[in-house]
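Spelled out from the first residue to the last, the chains are:
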Amino acid sequence: MSHRSRRTRLVLVALAVLTLMGAVATGASAFVLLQLGRIERHELADVLTSAPRQPVTAADVVIDQPISIAANPDSETAVGDERNSEVTRGDGITSVVDSNSPTDSLDAVDLSAGEPVLPGGSTGENYLLVGTDSTLGLAPDDPLRNGHSDFSRLADVIMVIRLRDDGTAAMMSIPRDLAAEIAGTSDIAGTGVVAKINSAYNRDTTTAARAARLIDTVENNLGITLQHYIEVDFQAFLRLVDAVGGVTMSFDRPLRDQLKEDATDPADSRSGFFTPAGTHRLDGRQALAYVRSRHLEAQSDDGTWQRYGAWNDLARNDRQRAFMRIAAGQVAPALFANPLKLLSVLDIAADHVSTSDTLGTVSDGRRLASEFSGIDFDADVEDYKLRLVDVHEPVRWSLGLDPERAEHNQRVLDVFAGIGWDDIVESRVTVQVTGTGRHRLAAELAEIGFDAQAAGAMPEGISEPPGTTVVYLAPVGRLAAGLLASHLLPVPEFAGYAELDATTVILHIGDEPPRTDPGYRRVDVPAAEQLVP
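If you're wondering where the values come from, they're calculated on a predicted model, not measured in any experiment.

Helix and strand counts for the protein chain come out as 14 helices and 29 strands. The buried share among the 533 residues of the protein chain stands at 50%. A sequence separation of at least 24 residues applies to 70% of the contacts in the protein chain between residues at least 6 apart. Total accessible area computed for the protein chain in this model is approximately 23,700 Å², and 51% of it derives from carbon and sulfur atoms.

Next comes the structure, spelled out in structure tokens:
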């Protein structure tokens, strides 16, 4: 494991300790190792999915970046006599070259357009972080017990954190009320039972079985893969905040979770949260009540209490992630500078945290104190959220995806598949196919992943279609055009058409239709000033 990948894994562990998710930090003493060894590890390696290879994007196939070459005997393209080597760009994407070619220097390597491009290795891993609502250990009259029992084990908080090899991270809350097909279930129609996603956690009797069903449900419904699992309960969060001396937050007005006696539904739970205006240091119980509040009210100038923000799971998710950033930024420096606090956190983690057997808590934790101190939680941690809409049905209530915002939601999920927010990939490129055989070629491109449709006549401004295959693109559309051309054999010609946008191209099929290839080849796309309209 590289130094960089070790560092990113440690980021996750730290994020979890400082928020609902919990995890571990350590020094070098035998006591520390003993505490880390007490953390329960569940056999989930067969359920979790290996990290996929880094997807190829348009920037990886368009020739405009410096490259270097190095033999890679471990490459999937290597053969017994190691004739194949990989040409590696600065971003990690590789092209296969034949080392038996009459070259012995980089300058002599043939890197002309059409050179195959392979996906790079994995550049990040996803962690499913789950906060459970067990109330064991809370006082009988504690408001946090409202709506819960000692026997309930629900996934009250579900979050995915992606740790990248470059030391950055991305996090996304999964609303517990999100409508989902629960893995391993079947209704009378033979399809999966649709219910709130957190219910996937309470259908089994053991933690490992609950975690396995939740992992499968998240992967199946969101289309992302998960490599690790971390779980923590109410008591861990409460004790962790107290152990680090609390978390300071500022409020511009008095806030409270609506009083139980004011609730229109007696079954609604209330957390008991209250704070006056100003800057205050929240202890563990106050912090837990704040992040769990679902019916926040603010006191107005006349002393009356009014609804504050949205009363739904989405608003609560936002509070949880905001608290996560604040807590991490405040606590991390002090935690690693104070051995007593560090040992206290370790003791709590050993009592309340469990992980998948894919995590080496001891080996990762031993490096955490020295490598984690330089993380900038504002600059290095990205916050994403799905856009959702309330869906009301006669039999059940749940949250559903807003179809008008599907593109946003897909981009969010793409981030956790290793695709950058602004990366150009097939699903983000619209291809209008014209010419003979356009229906067949459009179907083949759609199969590869493009948004491809067979078009009618050529657009105005392209009066006489040429006899050759041409990709028309806007001056800002080089990446989209290059990605399309990377799947076509032979590589087509290029021409400019200013009416298009950065992710829309026109493919006109000439007298000899090109073949499509799901693989990638390097393409040299002319610069904007060289394109002929």
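On we go.
Time to look at unusual backbone geometry. Note that the residue after L489, namely P490, is joined by a cis bond; omega there is -5°. Among the structural elements, P490 can be located in the loop between strand 25 (488-489) and strand 26 (493-496).

On to the environment of M324. Within the element layout of this structure, M324 appears in helix 7 (residues 313-337). For M324, a relative accessible area of 2% translates into the label buried. The spatial distance from the C-alpha of M324 to the C-alpha of V291 is 9.7 Å, given a sequence separation of 33 residues.

On to the packing of aromatic side chains. Counting across every chain of the model gives 6 aromatic pairs. Taken together, a centroid distance of 5.8 Å and an interplanar angle of 75° make the contact between F251 and Y290 edge-to-face. Of the two residues, F251 sits in strand 12 (residues 247-251) while Y290 sits in helix 6 (residues 284-292), which places them 39 residues apart along the sequence. Given the relative accessible area of 8%, F251 is considered buried. Plain terms: the ring middles of F274 and W305 are 6.3 Å apart, the flat faces sit at 65° to each other, and that makes the pair edge-to-face. Taken together, the residues F274 in strand 14 (residues 274-275) and W305 in strand 17 (residues 305-307) connect sequence positions 31 residues apart.

What follows concerns the pairing of strand 12. Residues V247, M249 and F251 line the buried face of strand 12, whereas the alternating positions T248 and S250 sit on a face that is not buried. One ladder, built from 5 bridges, connects strand 12 with strand 15 (residues 278-282); its direction is antiparallel. The residue of strand 15 that forms the bridge with T248 is R281.

With 33 residues, the main nonpolar core has L128, M172, I174, L214 and F416 as its most contacted residues. Of all elements in the fold, only strand 6 (124-132), strand 7 (155-164), strand 8 (169-173), helix 4 (207-222) and helix 12 (406-415) reach the threshold of two or more residues within this core. The biggest single contributor to this core is helix 4, with 6 residues. Sequence-distant contacts of I174, defined by excluding residues within four places in its chain, comprise I158, V160, I197, V218, L222 and N317. In this structure, V61, V62, V433 and A485 belong to the second largest nonpolar core, which totals 30 residues.

It is worth spelling out the pattern of salt bridges at this point. For the structure on display, the rule yields 10 salt bridges. Each member of the salt-bridge network shares a partner with another, and the members are D177, K196 and R294.

Direction vectors running N to C along helix 5 (residues 234-243) and helix 6 enclose 130°, while the axes themselves pass 7 Å from each other. What the angle tells us is that helix 5 and helix 6 run oblique. When you trace helix 5 past helix 6, the crossing you get is right-handed. Side by side, helix 5 and helix 6 meet where F234, F237, L238, V241 and D242 of the first sit next to G284, R285, A287, L288, V291 and R292 of the second. A per-class count over the contact of helix 5 with helix 6 returns 7 nonpolar, 1 polar and 3 charged.

Let's shift gears to the sheet that holds strand 14. Taken together, 4 strands build an open sheet; the order of strands is 14-13-16-17 and the sheet is antiparallel. The sheet is open, and its two borders are formed by strand 14 and strand 17, each paired with just one other strand. Alignment of strand 16 (residues 296-299) against strand 17, held across 3 bridges, turns out to be antiparallel. In the strand pairing of strand 17, A298 is matched with Q306.

What follows concerns the sheet that holds strand 19 (residues 381-384). Paired through backbone hydrogen bonds, the strands of a sheet run either parallel or antiparallel to each other. Taken together, 7 strands build an open sheet; the order of strands is 1-18-11-6-7-8-19 and the sheet is mixed. Looking along the sheet, the strands with just one partner apiece sit at the ends: strand 1 (40-42) and strand 19. The average undirected angle you get between the axes of adjacent strands in this sheet is 20°. Two strands pair when backbone bridges link them, and strand 6 and strand 7 are joined in this way by 9 bridges, in the antiparallel orientation. Each residue of the ladder has a partner; that of L128, found in strand 7, is V160. Helix 12 rests against strand 7, strand 8 and strand 19 of the sheet, and its axis sits at about 130° to strand 8.

Tracing the backbone shows E219 in helix 4. Buried charge E219 goes without a salt bridge, the closest partner of opposite sign being R162 at 11 Å. Among the polar contacts made by the side chain of E219, one reaches the side chain of T49 at a distance of 2.9 Å. With sequence-adjacent residues up to four places away left out, E219 is seen in contact with V47, T49, I224, T225 and L226.

The topology assignment puts G192 in the loop between strand 9 (179-181) and strand 10 (194-196). Ignoring any residue separated from it by four or fewer positions in sequence, one finds G192 in contact with E181, T185, S186 and D187.

The next thing to look at is the side chain of Q320. Along the polypeptide, Q320 turns up in helix 7. One polar contact links the side chain of Q320 to the main-chain carbonyl oxygen of V291, over a distance of 3.4 Å.

Here we come to the confidence of the model for the protein chain. Put simply, the protein chain has an average pLDDT of 76, and 70% of its residues get 70 or more. Here residues 1-31 scores under 50 on pLDDT; set against residues more than four positions off or in separate chains, the count is 102 contacts. Per-residue pLDDT stays below 50 along residues 366-373; that stretch engages in 21 contacts with residues further than four places along the chain or on separate chains.

Right, let's get into helix 14 (residues 478-485). Across the 8 residues that make up helix 14, a large majority, 7, are buried. Listed in full, the buried residues belonging to helix 14 are R478, A480, A481, G482, L483, L484 and A485.

Cut-offs applied
Residues numbered from 1 in each chain as written. Predicted model: local features only at pLDDT ≥ 70, side-chain atom pairs only at ≥ 80, totals over all residues. Heavy atoms only, no water. Helix = DSSP H or I, 4+ residues; strand = E, 2+ residues; numbered from the N terminus. Buried < 20%, exposed > 50% of the residue type's maximum accessible area, 1.4 Å probe, protein only. Contact = heavy atoms within 4.5 Å. Areas by Shrake-Rupley, 256 points an atom, 1.4 Å probe, with all protein chains shown as cover. Phe/Tyr/Trp six-rings, centres within 6.5 Å; stacked < 30°, edge-to-face > 60°. Pairing = 2+ DSSP bridges. Core = buried A, V, L, I, M, F, W, Y, C linked by side-chain atoms within 4.5 Å. Salt bridge = Lys/Arg side-chain N within 4 Å of Asp/Glu carboxyl O. Axes fitted to C-alpha atoms, helices over the stretch in contact; angles between N-to-C directions. Parallel < 35°, antiparallel > 145°, perpendicular 65-115°, else oblique. Left-handed = near helix turned anticlockwise from the far one by under 90°. Nonpolar A, V, L, I, M, F, W, Y, C, P; charged D, E, K, R; others polar. Lys, Arg positive; Asp, Glu negative; His and termini not counted. Polar contact = N/O pair within 3.5 Å; in protein donor to acceptor, adjacent residues only side chain to side chain. pLDDT = per-residue confidence, 0-100.

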